[in-house]
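Observations on chain architecture
Read off the chains here:
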Amino acid sequence: MKKDQIRLLESNGFQSVLSSIVSIIIGLIFGVLLILVVGLLDSNLGIESAWEGIRLVFAGLFSTGRDAFGTLTWGFNSINMGNMLFRATPLIMTGLSVAFAYKTGLFNIGAPGQYLMGTMASLMIALGIPSDKVHPVIIWILAFLGAMAAGAIWGAIPGLFKALLNTNEVIACIMTNWIAANLVTWLFDISPFKNVTESTKSGYIYKTSFNNVATTKLGLDKVFPGSQVNGGIVIAILIAVLVYILMSKTTFGFELRACGSNKDAAKYAGLKDKRDIVISMAIAGALSAAGAALYYLAGNTELYWSTYQSLPAIGFNGIPVAMLALTNPIGVIFSALFMSMLNIIGLQITSLTAYNEYITDVIIAAIVYLSAFALLIKQIISRRIARKKGGSK
Amino acid sequence: MDHNSDYVIEMLHITKEFPGIKANDDITLQLRRGEIHALLGENGAGKSTLMSVLFGLYQPEKGEILFNGKKVEIKDPNDATALGIGMVHQHFKLVEVFTVLDNIILGAETTKLGFLRKKEARAKVEALSKKYGLQVDLDAKVEDITVGMQQRVEILKMLYRDNDILIFDEPTAVLTPQEIDELMATMREFAKEGKSILFISHKLNEIMAVADRVTVLRKGKGIGTIDTKSTNTQELSNMMVGRPVQLQVSKTPAKPGEAVLVVEDLTAPSRVHKNKNAVKGVSFTVRSGEIVCIAGIDGNGQTELVSAITGLGKTNSGKVTLCGEDISRASIKARGRNMSHIPEDRHKHGLILDFSLEDNMVLQRFKEPQFQSHSFINRPAVRKYSDRLIEKFDVRSGQGSETIARSMSGGNQQKAIIARELDRDKKLVMAVQPTRGLDVGAIEFIHAQLVEERDSGKAIMLVSLELDEVLSLSDRILVMFEGEIVGELDPAKTNAQELGLYMSGAKRMDRKEAAE
């Protein structure tokens, strides 16, 4: 039995999961401390509010508001739950994008740009093809594939620079991010898709539901009534499983991982290391863009098109999602769910307590930041276990 | 002064266990002041573990360490450094993109107000370098210098830190005969000055030549400590391996057949100075059924020659024909159809260290039908194949095929590469320093394998820096000096002295005579 325990402690999978959990706990503890400190310092808050905030950090997902006496109530909250799944969908994809590139030895900080290109391609196709002539499902599929193609091209550009000119992909990615931001703004500016019919809206693109295009709900709206959830989460999970299989079971994944782990040895073995860099970045780009498609094809989301001054946070958040999952594609599903849960919790704290949205943003950001230390925690854990084993008999 | 202070370091009854293996089992090692003490043992005998214990990298389960007779705890390398213990690791610990000088002073920088005082450091290093004849180019980047020079950098690092107890882990594995002689002279010089030296090796001649005493380890146990004066190489090797060992390569005369590799007037650029040629118009032929050895001092163009033939590096001009096919511009993969390649740098090219052993075993072959079905890797087939190679070539590792290559010992990593390359069964075997860093038993085995390959009609191009290997294994010797082939010798009719003259450029044959 002792031996089984040791084997479990030594197994890579166990250490990975444990380290992710430990880093989440460290992040949450830090968040709790922040809430306490802010609560005690701010005269509007006090210890009462801090205690409420702390409970919301851990169980905000199950918060159902306040009762008549002003105390927090708890229970199954279908809106929270469904929205968590909905917001996790694009995060899974950008997380996969970063994780995939990372496994092949590349740091894809270009996810925001690829996400933007996917946004543009999916919206233009979904709004540009009239749904009275083509079936909306066909349009949806075209928009989804078009987004992936646009993202793949956008990802391939830094890949080409890296392969042909040995330019660091991080620099090329940052450049392409801002090119995408300006390009997308410009193209939407001259496009006929700006929302002019709803007078309350300014600066937004039409929702795709204007053209009757929307992701199928797959009955999830019945399970989580009132939320934005749709079949996109199922598609994202399927893609994550596919990426996992591709990476760990196929010869193609083997080749990409070989190039990523040791470029020289891959070259020695006759693998086409340069081609593989481009392919890896193209796939990473397609994954990010697919995330954008799943978000904007939902039918109920809208894009603020003048985006040239900022990059989508979902793109960057792919990095902590991937790091928390230790770049395991299956792990990405869970870490993305965790990140989007934090997002929901942030909204709950803002709406139910006197903590303002900026403080909650700081708290959530701190948790995210510390969660990304999973790799470091893993090294510490495996060293501990190794030492313990070495020390005892 | 009590009697103990004869010994500067005593490691008493050290026991260190790893999962499934007792790496050190009650080993005692006593190092006298001013002596050169050799630590002899095969790969996996526990030499490196014992030294890691001394260096504070591992904590032993049992046993104690005395320093000048007093018990000390060495918890990490900083404690070891504080005691004046310095180590040249088998795999150098240098920052590749830093200059030689920066590497030497790294961690022991002299500063003033937080600014580096490189001038003083440079003067000190230059003085040391001059005093011990350790020639280095202080301003070259480590990635651009030869392995031999990298080692001198490591030695200077220890000297710069005024270490008195110097550990050399397999220091001669990467050196040329001349460099080995120089190193030994340097070691004797150190000992004369009262520094104590631990010399880890499995090369018996070197131990006999330089060491005062030798402690032999076998499979984690201490076999004994003896004076080198009262023993001989055969006795030592028997102690080390535990059975009588064949020290000479046994082979029949070669029966060369058709030409397999024809190199004509090949020039290739230098790795270090991109606009200079490292290979200058080299021509030679390797026939099936013969072992042709390119001998020479490290850095005379052998690496570039091999790179040009294998496709890893560039070719400026000339022609390479393999099995009748012009491969001068072919891809690495195309060249690999008729060539297997045991690379010089096993960590850079030979293995993907973060991959499992079995994945490394199929590095070139995972796309072959036997290892995949519908683009999915056929895991059972890979495992079976890998297990077979592990068994056949006696590759030792903690978890067999699943072992991560990084965690294996250097010798076993090399055996894994050789297993993979020889099993690919190609017409030409390019073997670059195939026995570098291996122990007697493994060398014996690999030499026998190469001879067997030769006898089955393979053409073998051997690049070696070790004179013993050059003379005993090859059928023909081509000596390379400054990018040219300066002599062709028959191993039966030459000796180390003559070879050394060609290698150092003191003697050369007429070009026409040398070619072919």
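Please refer to the structure higher up on the page.
Reference entry: report on the structure contained in this document. (Residues numbered from 1 in each chain as written. Chains lettered and ligands numbered in written order. Predicted model: local features only at pLDDT ≥ 70, side-chain atom pairs only at ≥ 80, totals over all residues. Heavy atoms only, no water.)

1. Here's the deal with the overall build of chain A
As a reminder, the rule being used: To qualify as a helix, a DSSP run of H or I must reach at least 4 residues; to qualify as a strand, a run of E must reach at least 2; elements of each kind are numbered from the N terminus. What the globule rule says is 2.2 Å times the number of residues to the power 0.38, and the radius of gyration is computed from C-alpha atoms. To sort residues, take the accessible area from a 1.4 Å probe on protein chains only and compare it with the maximum for the residue type: under 20% means buried, over 50% means exposed, and anything in between is partly exposed. We call two residues in contact whenever any of their non-hydrogen atoms come within 4.5 Å of each other. The protein chains shown are the only cover counted for residues, whose accessible areas, like all others here, come from Shrake-Rupley with a 1.4 Å probe. The convention is simple: Lys and Arg are positive, Asp and Glu are negative, and His and the chain ends are not counted. Where a charge lies is defined by one atom per residue type: Lys uses NZ, Arg uses CZ, Asp uses CG and Glu uses CD.
Check the secondary structure of chain A and you find 16 helices and two strands. For 393 residues, the compact-globule formula gives about 21 Å, and the C-alpha radius of gyration of chain A, at 22 Å, lands near that figure. Each principal axis of the C-alpha distribution contributes one length, and for chain A these read about 70 × 70 × 40 Å. Here chain A, with 393 residues, has 52% of them falling under the buried criterion. A separation of at least 24 residues holds for 73% of the contacts in chain A among residues at least 6 apart in sequence. Accessible area of chain A: about 17700 Å², with a carbon and sulfur share of 67%. With 28 positive and 18 negative side-chain charges, chain A shows a spacing of 13 Å between the two charge centroids.

2. A few points about the pairing of strand S9 (residues 165-169) of chain B
All names here are of chain B. What counts is decided by this rule: Two strands make a pair as long as DSSP finds a minimum of two bridges between them.
With five of its five residues buried, S9 lies for the most part within the structure. Judged by which residues are buried, S9 turns out to be covered on both faces: Ile165, Ile167 and Asp169 on one side and Leu166 and Phe168 on the other are all buried. Taken together, the four bridges between strand S6 (residues 85-88) and S9 define a ladder with parallel strand orientation. Looking across to S9, one finds that methionine 87 is bridged to isoleucine 167. Of the pairings in the sheet, the one linking S9 to strand S10 (residues 196-201) comprises five bridges and is parallel in character. Along S10, the bridge assignment pairs isoleucine 165 with serine 196.

3. Thoughts on a positive patch on the surface
Condition: Each patch is assembled from residues with relative accessible area greater than 30% and no salt bridge, linking like charges that lie within 9 Å and nonpolar side chains (Val, Leu, Ile, Met, Phe, Trp, Tyr) that lie within 5 Å. One side-chain nitrogen of Lys or Arg within 4 Å of one carboxyl oxygen of Asp or Glu is enough to make a salt bridge.
A contiguous patch of positive charge, built from Lys263 and Lys274 of chain A together with Lys274, Lys314 and Lys348 of chain B, is present on the exposed surface. Turning to its location among the elements, lysine 274 of chain B is positioned in the loop between strand S13 (259-269) and strand S14 (277-287). With a relative accessible area of 65%, lysine 274 of chain B lands in the exposed category.

4. A few points about the packing of aromatic side chains
Formally: Between 30 and 60 degrees the pair is tilted, below 30 it is stacked and above 60 it is edge-to-face, where a pair is any two Phe, Tyr or Trp rings, Trp via its six-membered ring, whose centres lie within 6.5 Å. Distance and angle both matter: a charge sits over a ring if NZ of Lys or CZ of Arg is within 6 Å of the ring centre and within 35 degrees of the ring normal.
Per the stated rule, a full pass over the model turns up eleven aromatic pairs over all chains. An angle of 70° between the planes, with centres 5.5 Å apart, marks the rings of tyrosine 204 of chain A and tyrosine 304 of chain A as edge-to-face. Linking tyrosine 204 of chain A in the loop between helix H7 (169-189) and helix H8 (220-223) with tyrosine 304 of chain A in the loop between helix H12 (273-296) and helix H13 (313-324), this pair joins segments that are 100 residues apart in sequence. Since its relative accessible area comes to 45%, tyrosine 304 of chain A is described here as partly exposed. Summarising the aromatic geometry, the rings of phenylalanine 393 of chain B and phenylalanine 445 of chain B are spaced 5.7 Å apart at their centres and angled 90° between planes, so their arrangement reads as edge-to-face. One end of the pair, phenylalanine 393 of chain B, is in helix H13 (residues 379-393); the other, phenylalanine 445 of chain B, is in helix H15 (residues 440-455), with 52 residues separating them in the sequence. Among the aromatic residues, ring-to-ring pairing joins Phe86, Tyr295 and Tyr296 of chain A into one connected group. Above the plane of the ring of tyrosine 160 of chain B lies lysine 124 of chain B, whose end atom (NZ or CZ) is 4.7 Å from the centre.

5. Section: the sheet that holds strand S21 (residues 428-432) of chain B
All names here are of chain B. For clarity, the threshold we go by: Fitted lines through C-alpha atoms serve as axes, helices being fitted only where they are in contact, and the angles separating the N-to-C directions of these axes extend from 0 to 180 degrees.
The six strands lie next to each other as S18-S21-S22-S15-S23-S24, forming an open sheet whose pairing is mixed. Each edge of the open sheet carries a strand with a single partner, namely strand S18 (339-342) and strand S24 (484-489). For this sheet, the mean angle separating the axes of adjacent strands, direction not counted, is 20°. Packed onto the sheet, helix H9 (residues 302-310) meets strand S15 (291-295), S18, S21, strand S22 (459-464) and strand S23 (476-481) and runs at close to 150° relative to S22.

6. So, the interface of chain B and chain A
The line we're drawing: Buried area adds together the accessible area that both of two parts lose upon being put together, with accessible area traced by a 1.4 Å probe. Each residue gets one of three labels, nonpolar for Ala, Val, Leu, Ile, Met, Phe, Trp, Tyr, Cys and Pro, charged for Asp, Glu, Lys and Arg, and polar for the others, Gly among them.
At the interface, 29 residues of chain B touch 22 residues of chain A. With both chains or domains summed, chain B and chain A bury close to 2300 Å², and 63% of this area falls on carbon and sulfur atoms. Linking chain B with chain A are one salt bridge, by the criterion used here. The shortest N-O distance in the salt bridge between glutamate 255 of chain A and lysine 367 of chain B comes to 2.5 Å. Broken down by element, the residue count for the side of chain B that touches chain A peaks at four residues, all from helix H11 (residues 346-350) of chain B. Here the residues of the side of chain B that touches chain A are counted per class, giving twelve nonpolar, seven polar and ten charged.

7. A word on the environment of aspartate 221 of chain A
Residue and element names in this part refer to chain A. With respect to the secondary-structure elements, aspartate 221 resides in helix H8. Residue class for aspartate 221 comes out partly exposed when judged on its relative accessible area of 27%. For the pair aspartate 221 and tyrosine 244, spaced 23 residues apart in the sequence, the C-alpha separation amounts to 28 Å.

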